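Commentary on secondary and tertiary structure
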Amino acid sequence: MIQVEGLTKDYGPRRAIEDLSFSAQKGEIVGFLGPNGAGKTTTMRILTGFMPPTNGRASVAGYDVVDESIEVRRRVGYLPENVPLYDDMTVWDYLKYMADLHNVEDAEDRIYDIIEVVGMEERTDSYISSLSKGMRQRIGLAQALVHEPEVLILDEPTIGLDPSQIRGVRNLIQEIGKERTVMLSTHILSEAQQICDRVLIINKGHIVAEDTPQNLQSRLAGSQRVAIQVAGDEDGLDKVISGVKGVISASVTSAGVVEFETEAGKDVRPDVARQVIKKKYDLLEMRPLGMSLEDIFLEITREDPAPPDLDDDFEGEEAE
Amino acid sequence: MKNIWTIASREYKLYFNTPIAYVIMGFILLVLGLIFTIAVNDVALGGGQSPPSVNAIVHGPLAFMLVFAIPAITMRLISEENREGTIELLQTAPVRDWELAVGKWLGATLFIGTIILITLVFPIILNNLVEPGIDQLMMLSGYLGILLVSMAFIALGVAISSLFTSTVAAFFTAMGINLVLWWLIAIPAQLSSPQFAAIWRYLDFGGHYNNSMARGVIELIDLVYFLSVVVVGLLVASVSLETKRWR
């Protein structure tokens, strides 16, 4: 559904993305993960036909984004970053306008359906200016879905929402992702972990990793980290633990808590537990510190010693 | 074509949602009403005086006010979309950039057209007051001129609006250009040598209206002139929307 080859985009002398290649299949939810200014929005704007790339090719639903831009735009639903909406229109008028621009047949029925999907039945006649951030987000999502697009491109769909709204939007995306292609950008790692079938990690305009969230996790989680907590004094506990065969290192991290790292491919936790009890410590808890996507992300993007580029005009089109 | 109409009708409806449009409409109709009342009163009291011409009491003041009013109507058409980011929605919808420009222009033209249509009450009343009625063909020719002038001003306004993100900048730029084309261009036309003067005079909006359609003379050259200004304006707007994508 989405095919990207060697995509490059320059803003004047500044290179936003360089030589990106990836693809996404039907029924797949692909997460685009990266710090601000990594080139996520730029890539999405190219895929939606908003701006042409400097180099490389991209096709969506079988149409080239430059040569057959209108065909692409018919088939893509897009939620831009910051959700631009017309404040001076009502929810209904706005969705009707977007539906008409997309040539939706039986627009009124379709709008009723979509308003129900995003749970905005009670506010159809409200002016958009009166809506909360979460509601605006849902209207933006409704707008992206109103013409039943084959491909959905969502730029930071859950930003600024409260936890229950986030859950709602995520469920909605997963529902949609069963039969359509969804590409979403986020800098929240747990979000990508939860809802995406595949994650592309992008940093400074390059794809630095691409895999399922599970594989990414296991790829870097060769060794295991475990935290152990005892009641009372942990004096000497780190020495005891590092004496166990298979433990690489152990150190006290806070009162009563010791963290240790084990060799890959061997579970030494039972040995550690036996040792601890033998030495008369009162064992309270032992818990594995699995490497989260967060760690992986930091690990991958750390290679470059420079701090992440937080400059935002990379992404947004600034006033002249 | 459907896209153009969708965009035009949204813009048209939106005017009736915004105070500025009502203020402009109210102001124009109020001023024309006052002028009209005074003029007609004079005739009624003076008896023997010749009846006032529609051109003098309706078309002249209307054209004068439109020079200022049209920039206020067109200023936000595209600049606001640029500023709010909603242009991204329009430019990722299956709408061509020129359809967007034409749709915006048509919406504003319909709104100004509505105001112009309402002013028809003045000649209709006048026609009933004076014997043997007014010169209707001349009146219609004047209205054709007013409409063409408005269409050209609106096209320029759309083009200017597409170049800015600030509505205020778009307003003053458009007004400045209107003032030059309507009045100030007559100055270089008078000062320069004959062959250059012809060029200036050709560009003079006022000349193409005052010396022909306002007097009941419809000439092809004037129609061609105003319609080409419309085309140029909309072309500039389309190109500007297109080039914004490349930056």
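Residues numbered from 1 in each chain as written. Chains lettered and ligands numbered in written order. Predicted model: local features only at pLDDT ≥ 70, side-chain atom pairs only at ≥ 80, totals over all residues. Heavy atoms only, no water.

**Regarding the sheet that holds strand β14 (residues 282-288) of chain A**
Residues and elements named next belong to chain A. Spatially, β12-β13-β11-β14 is the arrangement adopted by the 4 strands of the open sheet, whose pairing is antiparallel. Each of the sheet's edge strands pairs with one partner strand only, and the pair in question is β12 (247-254) and β14. When the angles between neighbouring strand axes are averaged without regard to direction, this sheet yields 25°. Sheet topology places strand β11 (residues 224-231) next to strand β13 (residues 257-262); 6 bridges connect them, and they run antiparallel. Across the sheet, residue glutamine 229 finds its bridge partner in β13, namely valine 257. Across the sheet, helix α10 (residues 269-278) is in contact with β11, β12, β13 and β14; its angle to β14 comes to roughly 160°. (Pairing = 2+ DSSP bridges. Helix = DSSP H or I, 4+ residues; strand = E, 2+ residues; numbered from the N terminus. Axes fitted to C-alpha atoms, helices over the stretch in contact; angles between N-to-C directions. Contact = heavy atoms within 4.5 Å.)

**Points about helix α4 (residues 107-117) of chain A**
All names here are of chain A. Looking at α4, one finds that the buried residues are Ala107, Arg110, Ile111, Ile114 and Ile115. For α4, the arc enclosing every buried residue in end-on projection is 130°, short of the 170-degree limit, so these residues lie on one face. Of the exposed residues in α4, those oriented more than 90 degrees away from the buried face are Tyr112 and Glu116. Of the surrounding secondary structure, the elements contacted by the buried residues of α4 are α3 (91-101) and α5 (133-145). Note on α4: the residue one or two positions beyond its end, glycine 119, has a positive phi of about 65°. (Buried < 20%, exposed > 50% of the residue type's maximum accessible area, 1.4 Å probe, protein only. Arc of directions from axis to C-beta.)

**Points about the confidence of the model for chain A**
Residues and elements named next belong to chain A. Predicted confidence across chain A gives a mean pLDDT of 84, with 88% of residues reaching 70 or more. Confidence scores differ between elements of chain A, with helix α11 (residues 293-302) showing the lowest mean pLDDT of 66 and α3 the highest of 96. Confidence drops under a pLDDT of 50 for residues 305-320, and excluding neighbours within four residues, the segment shows 36 contacts in the predicted structure. (pLDDT = per-residue confidence, 0-100.)

**Considerations on the environment of Tyr63(A)**
All names here are of chain A. Tracing the backbone shows tyrosine 63 in strand β5 (residues 63-64). C-alpha separation for the pair tyrosine 63 and methionine 1, spaced 62 residues apart in sequence, amounts to 9.3 Å. Those residues in contact with tyrosine 63 that lie beyond four places of it in its chain are Ala58, Glu68, Glu71, Val72 and Arg75.

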